[in-house]
Amino acid sequence: MRILIASGVRHARDYVPLLRSLPGIEVIGCADTADSPFRDDSAALAAATGIPFLDLEQGLASCDIALVCSEPTRHADLAVTALEAGRHVIVDKPAATTTRDAQRLWEAADRSRGLLTAVHRLHSPQIARARRTVDSGAIGLPLAVDAEWLAAGGLDGATVERPELVCDPALSGGGELMNFGWYPALAIRYLTGLEVEEVVAFSSAAPHAPLFDGPHGAYGVEDAAVISLRLGNGVVATVTVARTPAGVGPAPVSSSLRVLGSHGHVLADEDAPAVTVRTAGGDSSAHQVAGPAATTALRLLFTEFCDDIRYGRTPLVTAADIHAAVAVAEAALSSSREGGAPVAPAVRTAGDSGALRRRRSAPVCGGSSSR
Amino acid sequence: MNPVPVPGAQQARDTGQRADDHRVAVIGAGAIARDHVTAIAGVPGLRLAHVVDRHPERAAALAALAEGATWSTDPATAWSDAVDVTAVCTSPESHADLGVAALRAGRAVLLEKPAALSVPDTDRILAAAKTAGRPLLVAQTARFQPVHLEIARSVASGAIGTPRLAHLTWYTGHVWPGGWRGWQLDASRSGGHVAHNGVHALDLLTWLMDDEPVRVFARPCRTWAPGMPTPDSFQILVRFSRGALATIELCYALVERGTFVRRLMLAGTTGTLHHSSEDEPRTRSASPVAPASTEGAMTAQTRHLRDVLDGVAAPLTAPRQVRAALAAALAAQLSADESRPVDVKEVC
């Protein structure tokens, strides 16, 4: 599979070496639009990773998959362009920053012969294991989910290329709620198979002050948010997202989940299991068994998507899932702006009734447990 | 005739009682009163002197656990001259009146949580304590769990700077004794589950974050016992006066009684604290022994009560914290009942 990095602004510096390590995948280059505000970043990524810097049209003509890694507010435009060129598309997270854009993506995917998916953590071993536990019936019906996603620092260039890419709403679509809310929203959907009906959120966005000493306040966006969800069938969930000065675990991003069922519960911690090493000098480090969950999740995402294309399967995360996750983040932003007023996430509103019917019957984040 | 001494047996048992022991009267003879009596027996310097319950047989049975303890069905005997401290262990709807009466009679008071079922009643209790000049300790026992004392020490030492974000998850396999008779199932007596059990978590965070909740949103959830007239589980979002945020997830839904999942993440301006009961060695099945991180809180609280009575410690539950936590819990109950976020001042 020939993969084009369609704009190399966010995460591409991590994705390119990972993609290159996978058999059967070739990274053919990085491309960006002529009017991209980050065209220099894309060129720099190409130079740093030793891949050609291409014209977007030229790159799309010669790839199988476009991996969209622009600033988030340009994800939808680039993904739609690639889908309209008949390419398969993986969009970096969050795949869109508004449900209007998510809907455009969905409609473009419906029209395209290319498959669409987005970067997610559902292949993370602990999340996949929790899903298997739910599917086994061991905990009965899942009734409540408690999810936490915390990033430790990283705005110094360590994990985020430029602070404004997660802090400037014109580039990011919001603060950490938009940046990270995507992951737990997808995970909760994956584990429960239910639509979110109501969102309540408190955040540190203006008029409140940020919780920590980062650049979020200068842009009026949140560095932390606490969210309550009501899903179908009376199921509930909470989401806690933040960028904190220090993390919970050894990874730059730590996430954990707890699922309460009618007959039991299951816990998931992406930092576990790990082996701890302590040296005579007093240093200690934790090594996750089978490597960092984030890397495992990405590796499986890329390889599984290639198989989805090759064997005509439905990707684990579809346009419907993308829309649903974006709708939760958007509703949470809206609720937090209104002091926590309950907000119903947007649903697809186009007059395309065929597509609407498809959405209602579409599997929710891997509806089949056979994967 | 004395029995024939058995080798190794004590012939003259020292009950440990001293003339200057603080004499405790317990009002209420239910499960929590029994826990207090057990803890009192383990703390030198305190002595169960008297038990009051409206059911004579329950009062007598509890008093029988302590040598020399008397019992009565008359609440006023719990703040008589023969008593130094009154432990109010009745169901919540009677806390305010009993607590105020004991304080006005000049007794120190250990008051089970929730302190009251309204903020004005809480204010009445706090005012009575202030006027009487007598100690008031509200039994927010979660503060005395070893892990929370350790976290409090870490926060006080500046280990994480100023706490700004908390995520507290407590799951417990719990079945209320008494079946359908339990006062916990009657919101008019308990204040509602969000109020009477949510106050544990809200008090803990009020204390650890040294701040007061100003806005809450609570969402109830029915899990293992959907037929109960009160949700067995609930979540609370909290905004504090200085902007800090918290997610609280409380569940009494674990299938096996006696099992626990306890987790607290506290992120501060310079660091993050984290504890999970999953990290500590313990039995994997239902156990009569609580995790080490939580075990012994009642005894620690009772020892603290003794220190308060000895005049060597101030009650850990400061009046402003008692009021803030209870108000937040009542606001959370209102939020859960009406499915909307509630400003805490709305219930004040």
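Parameters at a glance
Residues numbered from 1 in each chain as written. Chains lettered and ligands numbered in written order. Predicted model: local features only at pLDDT ≥ 70, side-chain atom pairs only at ≥ 80, totals over all residues. Heavy atoms only, no water. Helix = DSSP H or I, 4+ residues; strand = E, 2+ residues; numbered from the N terminus. Buried < 20%, exposed > 50% of the residue type's maximum accessible area, 1.4 Å probe, protein only. Contact = heavy atoms within 4.5 Å. Areas by Shrake-Rupley, 256 points an atom, 1.4 Å probe, with all protein chains shown as cover. Lys, Arg positive; Asp, Glu negative; His and termini not counted. Charge placed at Lys NZ, Arg CZ, Asp CG, Glu CD. Pairing = 2+ DSSP bridges. Axes fitted to C-alpha atoms, helices over the stretch in contact; angles between N-to-C directions. Expected span 1.5 Å × (residues − 1). Phe/Tyr/Trp six-rings, centres within 6.5 Å; stacked < 30°, edge-to-face > 60°. Lys NZ or Arg CZ within 6 Å of the ring centre and 35° of its normal. Domains from an automatic or database assignment. Buried area = accessible area lost by both parts, 1.4 Å probe. Salt bridge = Lys/Arg side-chain N within 4 Å of Asp/Glu carboxyl O. Polar contact = N/O pair within 3.5 Å; in protein donor to acceptor, adjacent residues only side chain to side chain. Right-handed = clockwise from strand over helix to strand, strands pointing away. pLDDT = per-residue confidence, 0-100. Core = buried A, V, L, I, M, F, W, Y, C linked by side-chain atoms within 4.5 Å.

A. Structural context of the overall build of chain B. In terms of regular secondary structure, chain B is built from nine helices and 13 strands. The C-alpha extent of chain B, read off along each of the three principal axes, is 70 × 45 × 45 Å. Across the 348 residues in chain B, those meeting the buried criterion constitute 57%. Once local pairs closer than 6 in sequence are excluded, the contacts in chain B between residues at least 24 apart make up 69%. For chain B, the exposed area adds up to about 14200 Å²; of that, 54% sits on carbon and sulfur atoms. Here chain B holds 34 positive side-chain charges and 34 negative ones, and the gap between their average locations is 2 Å.

B. Just the sheet that holds strand 2 (residues 26–32) of chain A, in detail. Residue and element names in this part refer to chain A. Taken in spatial order, the six strands of this open sheet run 3-2-1-4-5-6, and their pairing is parallel. Looking along the sheet, the strands with just one partner apiece sit at the ends: strand 3 (53–55) and strand 6 (116–118). Along the sheet, successive strands turn relative to each other by an average axial angle of 30 degrees, direction set aside. Two strands pair when backbone bridges link them, and strand 4 (residues 65–69) and strand 5 (residues 88–91) are joined in this way by four bridges, in the parallel orientation.

C. Examining helix 9 (residues 319–338) of chain B more closely. Residue and element names in this part refer to chain B. Across its 20 residues, helix 9 extends 28 Å between first and last C-alpha, which sits within 8% of the 28 Å expected from 1.5 Å per residue. Where burial is concerned, most of helix 9 is hidden: 14 out of the 20 residues are buried. Downstream of helix 9 by one or two residues, Ser 339 has phi in the positive range, about 55 degrees.

D. Geometry of the packing of aromatic side chains. The final tally for this structure, using the stated rule, is three aromatic pairs over all chains. Aromatic side chains A:Trp149 and A:Tyr183 sit 5.9 Å apart centroid to centroid with 20 degrees between the ring planes, which places their arrangement in the stacked category. With A:Trp149 in strand 7 (residues 142–152) and A:Tyr183 in helix 10 (residues 182–192), the pair connects residues that are 34 residues apart, well separated along the chain. By relative accessible area, A:Trp149 is classed as buried at 0%. The ring of A:Trp106 carries A:Arg348 above its face, with NZ or CZ at 4.3 Å from the centroid. Here the guanidinium or amino end of B:Arg262 rests over the ring plane of B:Trp170, the centre of that ring lying 4.6 Å away.

E. Layout of the sheet that holds strand 3 (residues 70–72) of chain B. All names here are of chain B. Spatially, the six strands line up as an open sheet ordered 3-2-1-4-5-6, and their pairing is parallel. In this open sheet, the two strands that pair with only one neighbour each are strand 3 and strand 6 (136–139). Going from strand to strand, the sheet's axes swing by 25 degrees on average, the running direction of each strand aside. As paired elements, strand 2 (residues 46–52) and strand 3 share three bridges and run parallel to each other.

F. A look at the pairing of strand 9 (residues 224–231) of chain A. Residue and element names in this part refer to chain A. Burial runs high along strand 9: seven of the eight residues are buried. In terms of strand pairing, strand 8 (residues 196–203) meets strand 9 through seven bridges, oriented antiparallel. If you follow Val 196 over to strand 9, its bridge partner there is Leu 231. The pairing of strand 9 with strand 10 (residues 236–244) spans seven bridges and is classified as antiparallel. Among the inter-strand pairings, Ala 225 is bridged to a residue of strand 10, identified as Val 241.

G. Highlighting the domain arrangement of chain B. All names here are of chain B. You can read the domains of chain B as domain 1 (22–139) and domain 2 (142–347). In this structure, domain 1 and domain 2 have C-alpha centres spaced 23 Å apart. Of the residues lining the interface, 32 residues belong to domain 1; the matching set on domain 2 comes to 30 residues. Roughly 2700 Å² is buried in total at the junction of domain 1 and domain 2, and carbon and sulfur atoms are behind 72% of that figure. The largest contributions to the domain 1 side of the interface with domain 2 come from Lys 113, Val 119 and Leu 137, which together make up 21% of the buried area. On the surface where domain 1 and domain 2 come into contact, there are two salt bridges. The closest approach of N and O atoms between Asp 123 and Arg 323, which form a salt bridge, is 2.6 Å. Counting across the interface, domain 1 meets domain 2 through eight residue pairs in polar contact (both at pLDDT 80 or more). Secondary structure elements with two or more residues in the side of domain 1 that touches domain 2: helix 1 (31–41), strand 5 (108–112), helix 4 (119–132) and strand 6.

H. Region of the structure containing the pairing of strand 4 (residues 85–88) of chain B. Residues and elements named next belong to chain B. Along strand 4, one buried face is formed by Val 85 and Ala 87 and the opposite face, lined by Thr 86 and Val 88, is buried too. Note that strand 1 (residues 22–27) and strand 4 share four bridges and pair parallel. The partner of Val 26 across the bridge, within strand 4, is Ala 87. Across four bridges, strand 4 lies against strand 5 in parallel orientation. Counterpart to Thr 86 in the pairing with strand 5 is Val 109. With helix 3 (residues 95–104) bridging strand 4 and its parallel neighbour strand 5, the resulting β-α-β unit is right-handed.

I. Up close: unusual backbone geometry. Following A:Ala206, the chain continues to A:Pro207 via a peptide bond in cis, the omega torsion being 10 degrees. When you line up the elements, A:Pro207 lands in the loop between strand 8 and helix 11 (216–219). The linkage connecting B:Lys113 with the following residue, B:Pro114, adopts the cis geometry, with an omega of -10 degrees. Within the secondary structure, B:Pro114 is located in the loop between strand 5 and helix 4. One non-glycine residue with positive phi stands out, namely A:Ala290, at about 70 degrees. Mapped onto the fold, A:Ala290 is located in the loop between strand 14 (284–288) and helix 12 (293–311). Positive phi values are uncommon outside glycine, yet B:Ser339 reaches one of about 55 degrees.

J. Layout of the confidence of the model for chain B. Of all residues in chain B, 92% attain a pLDDT of 70 or more, and the chain-wide mean is 91. Here residues 1–13 of chain B is modelled with pLDDT under 50, and outside its nearest four sequence neighbours on either side it reaches two contacts, counting other chains as well.

K. Quick look at the interface of chain B and chain A. Across the contact, 39 residues belong to chain B and 47 residues belong to chain A. Of the roughly 3200 Å² buried between chain B and chain A on both sides combined, carbon and sulfur atoms contribute 66%. Considering only the surface of chain B that becomes buried against chain A, B:Arg219, B:Leu237 and B:Arg239 emerge as the three largest contributors, covering 18% of it. At the boundary of chain B and chain A, one finds two salt bridges.

L. Structural context of the environment of B:Met228. All names here are of chain B. With respect to the helices and strands, Met 228 occurs in the loop between strand 8 (213–221) and strand 9 (233–240). Taking relative accessible area as the criterion, Met 228 reaches 8% and is therefore assigned buried. Through-space distance from the C-alpha of Met 228 to that of His 196 is 16 Å; in sequence the pair is 32 residues apart.

M. Inspection of the nonpolar core at higher detail. Judged by nonpolar contacts, the single largest core of 104 residues is most densely connected at A:Ile5, A:Leu105, A:Leu229 and A:Phe302. For this core, the element with the most residues is helix 13 (residues 319–337) of chain A, which contributes ten residues. Apart from the residues within four sequence positions on either side, A:Leu229 is in contact with A:Ile188, A:Val196, A:Glu198, A:Val199, A:Val235, A:Val236, A:Ala237, A:Val239, A:Val328, B:Arg219 and B:Gln235. Listed in part, the 45 residues of the second largest apolar core include B:Val147, B:Ala152, B:Ile248 and B:Leu250.

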